[in-house]
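# Structural characterization, general
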Amino acid sequence: MPHPNRLRSLLLLLSLLPWLAAPYGHCTDIQLPDIGDSTGTLLTPIQERELGEMFLRQLRSQATIDNDPETSDYIQAIGQKLAANSDKPDQPFNFFVVMDPNINAFAGPGGQIGVNSGLITMADQESELASVLAHEIAHVTQRHLYQSVEASQRLSIPTVAAMLGAILLGTQSPQAGQAALIALQAGSLQFQINFTRDNEQEADSMGMQTLSRSEFDPRAMPSFFEKLQQSSRYAGRDVPEFLRTHPVTVSRIAESRARSESFSYKQYPDTFAFQIIRAKLRAQMGGDPNEAAQYFKALLKQGTEQQQDVARYGLALVQLNQSKTAEAIETLGKLARKYPNQSHFLNALAQAHVTAGRYNEALGLYDQALTRFPGSRALTMEASQTQLLAGKAERARKLLTDYLRHNQATPQINQMLAQAYTKLGSEAEGHRFMAEYYYQTGQTRPAIMQLKLARQTAKNNFYLSTMIEQRLSELLAEERARREER
Ligand SMILES: [Zn+2]
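If you're wondering where the values come from, they're calculated on a predicted model, not measured in any experiment.

Further remarks concern the overall build of the protein. Counting its regular elements, the protein contains 24 helices and 5 strands. Classification of the 486 residues of the protein by burial places 43% in the buried group. The contacts of the protein with a sequence gap of at least 6 include a subset with a gap of at least 24, amounting to 61%.

Encoded structure:
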């Protein structure tokens, strides 16, 4: 018999991957749980969330997840709006952007939905991006992932999480390669995702309902999928990764086009935020900055005045990368004055001053911005980061602490608070917030170590010691439970 912990992990895996119905070798005498988890009966919501978090952790080691506060605010906002209008509005979701020029989007376990920057920059309308997200949301609510993954071996859950990551990202990172090697050593390997034709049609039709309820254009779905297909056919490029996991056929496009015709026709203008984030991602995507500058310059000659201003913003971001700071500051200053209700322009102007090393100007702009947009998560984070750079640790500490009175901490906020406290000489608090950062990014053991360090340095502070002690025992209990589960 295998070690009991191995057995538990195998059973949990089997409940995840129900087709693993015939383990062999020394495992054949294991009583298998009822199979057919695609209905969601065997995986508790907590187990599913944990698998999702592990999947996200694995992704972080395989891909660059965009931590830009404005980009994450945007993708969460559009994703959560769609999720709230899906067939399962209570299902938890997390949306994030992967910095990768390949055209791809994917849904992992636990409602983790990733979309590549390349897909966002390729979308001509916001409804096109929304249609991909709505399609992925439907794969999650219909539990298609659990129906489609195939494995023929006893794989540990971290291996499954790593391999899922590699497959969905379409990459072969060293980490994913290693996971695949381990699986290969364990026997023959068949592990792939193939959404069926039925899965795809269901995701299209449910996604279209979601789009319509969320005030996005259902017609964008067939037209975007068609564009994806044509981009590979005519431009001679490789097949977009998205089409490998979500096969698009002519008949599928025809079917979804026919379905979309049942929705009444109207105009669906893009939000300003979408245009801004798309320009920002294009400016950040690397490659030749001269090419990016040419792209934005071409846009200056077409479209509406607002679209031209977004192109000016994109060009200014490219100029910042090219160290043309003065030109960028001039453009961004004009835009910030012209659009006083747009936080993105003011933020970019402040960031341009940071790039030029003019922290005081930047801090002044952030004071203005936070008065105008109080409680903005992106501005709070950028302002705190700038305060830390400028050596104003106490101001950063206060800004973040005030923000946390009414908002939840993100990993980046905990990390900045740790920095601020450390600079202020409060070592115990520094370790305590660092522990929360590690915990939130799924690294429980380093979190426990930070709490132990915090406990050592907080000896003389009774109140703080008690708090640290309590948190430490919570995390230790959780770690014990996790070890027993394996
Ligand atoms: Zn699909």
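Looking at where Y268 falls in the secondary structure, it is placed in the loop between α12 (250-260) and α13 (272-284). Separated by 143 residues in the primary sequence, Y268 and Q125 place their C-alpha atoms 8.9 Å from one another. Residue contacts for Y268: discarding those within four places in its chain leaves S127, F216 and D217.

Now for the nonpolar core. Of all hydrophobic cores here, the largest spans 107 residues; its most connected members are V115, L133, Y313, L332 and L349. Beyond its immediate sequence surroundings of up to four residues, Y313 is in contact with I276, A279, L335, F345 and A348.

The next thing to look at is the sheet that holds strand β3 (residues 112-116). Pairing in this open sheet of 3 strands is mixed, and the strands run β1-β3-β2 from one edge to the other. With one partner strand each, in any of the chains shown, β1 (94-98) and β2 (105-107) form the two edges of the open sheet. Neighbour-to-neighbour, the strand axes of the sheet open up by a mean angle of 15°, direction not taken into account. Relative to β3, β2 runs antiparallel, the two sharing 3 bridges. Within β3, the residue paired with A105 across the bridge is V115. Strand contacts of helix α3 (residues 69-84): β1 and β3, with the helix running at about 135° to β1, the strand carrying the most contacts. Strand contacts of helix α5 (residues 126-141): β2 and β3, with the helix running at about 20° to β2, the strand carrying the most contacts.

A separate point is helix α18 (residues 359-372). For α18, with 14 residues, the first-to-last C-alpha span of 20 Å sits near the 20 Å given by 1.5 Å per residue. Of the positions making up α18, those classed as buried are A362, L363, L365, Y366 and A369. The buried residues of α18 occupy an angular sector of 160° when the element is viewed end-on, so they sit on one face. Facing away from the buried side of α18, by more than 90 degrees, are the exposed residues N360 and T371.

Looking now at the environment of G165. Relative to the assigned elements, G165 resides in helix α7 (residues 157-169). A tally of 28 C-beta atoms within 10 Å means that G165 is categorised as buried. As a C-alpha pair, G165 and L56 span 109 residues in sequence and 8.2 Å in three-dimensional space.

A few words on the packing of α3 against α13. Orientation of α3 relative to α13, taken along the N-to-C sense of each, is 135°, at an axis distance of 10 Å. Taken together, the axes of α3 and α13 lie oblique to each other. Note that α3 runs across α13; the crossing there is left-handed. Facing α3, whose interface residues are E70, T71 and Y74, α13 presents A273, I277, K280 and L281. Split into classes, the residues belonging to the contact of α3 with α13 amount to 4 nonpolar, 1 polar and 2 charged.

Backbone geometry at R143 places phi at a positive 55°, although glycine is not the residue there. In this fold, R143 is placed in the loop between α5 and α6 (144-148). Under the C-beta neighbour-count criterion, R143 is labelled partly exposed, with 16 such atoms within 10 Å. Unusually for a residue other than glycine, E215 sits at a positive phi of about 65°. Relative to the assigned elements, E215 resides in the loop between α9 (197-213) and α10 (220-234).

Here the focus is the pairing of β1. The side chains of a regular strand alternate, first on one face of the sheet and then on the other. Most of β1 is tucked away, with 4 of its 5 residues classed as buried. Here β1 runs beside β3; their pairing, made up of 5 bridges, is parallel. Bridge pairing in β3 places F95 opposite I113.

This part is about the pairing of β3. In terms of burial, β3 is a largely internal element, 5 of the 5 residues being buried. Burial of the side chains of β3 extends over both faces: Q112, G114 and N116 are buried on one face and I113 and V115 on the other. Hairpin connection from β2 to β3: 4 residues lie between these consecutive antiparallel strands, with G110 at a positive phi of about 70°.

The predicted coordinates ought not to be read in detail in places where the model reports low pLDDT. Chain-level statistics for the protein give a pLDDT mean of 82 and a share of 79% at 70 or above. Low pLDDT, under 50, characterises residues 184-190; the stretch is placed with 11 contacts to residues that sit more than four places away or in other chains.

Inspection of the secondary structure assignment puts L56 in helix α2 (residues 45-62). As a C-alpha pair, L56 and G442 span 386 residues in sequence and 8.8 Å in three-dimensional space.

A word on the packing of helix α14 (residues 289-299) against helix α15 (residues 305-321). Running from N to C, α14 and α15 cross one another at 165°; their axes reach a closest spacing of 8 Å. In terms of axis orientation, α14 runs roughly antiparallel to α15. For the pair α14 and α15, the crossing hand works out as left-handed. Taking contact as the criterion, the partners of P289, A292, A293, F296, K297 and L299 in α14 are, on α15, Q307, Q308, A311, G314, L315, V318 and N321.

Analysis parameters
- Residues numbered from 1 in each chain as written.
- Predicted model: local features only at pLDDT ≥ 70, side-chain atom pairs only at ≥ 80, totals over all residues.
- Helix = DSSP H or I, 4+ residues; strand = E, 2+ residues; numbered from the N terminus.
- Buried ≥ 20, exposed ≤ 12 C-beta atoms within 10 Å, placed from the backbone.
- Contact = placed C-beta atoms within 7 Å.
- Core = buried A, V, L, I, M, F, W, Y, C linked by C-beta atoms within 7 Å.
- Pairing = 2+ DSSP bridges.
- Axes fitted to C-alpha atoms, helices over the stretch in contact; angles between N-to-C directions.
- Expected span 1.5 Å × (residues − 1).
- Arc of directions from axis to C-beta.
- Parallel < 35°, antiparallel > 145°, perpendicular 65-115°, else oblique.
- Left-handed = near helix turned anticlockwise from the far one by under 90°.
- Nonpolar A, V, L, I, M, F, W, Y, C, P; charged D, E, K, R; others polar.
- pLDDT = per-residue confidence, 0-100.

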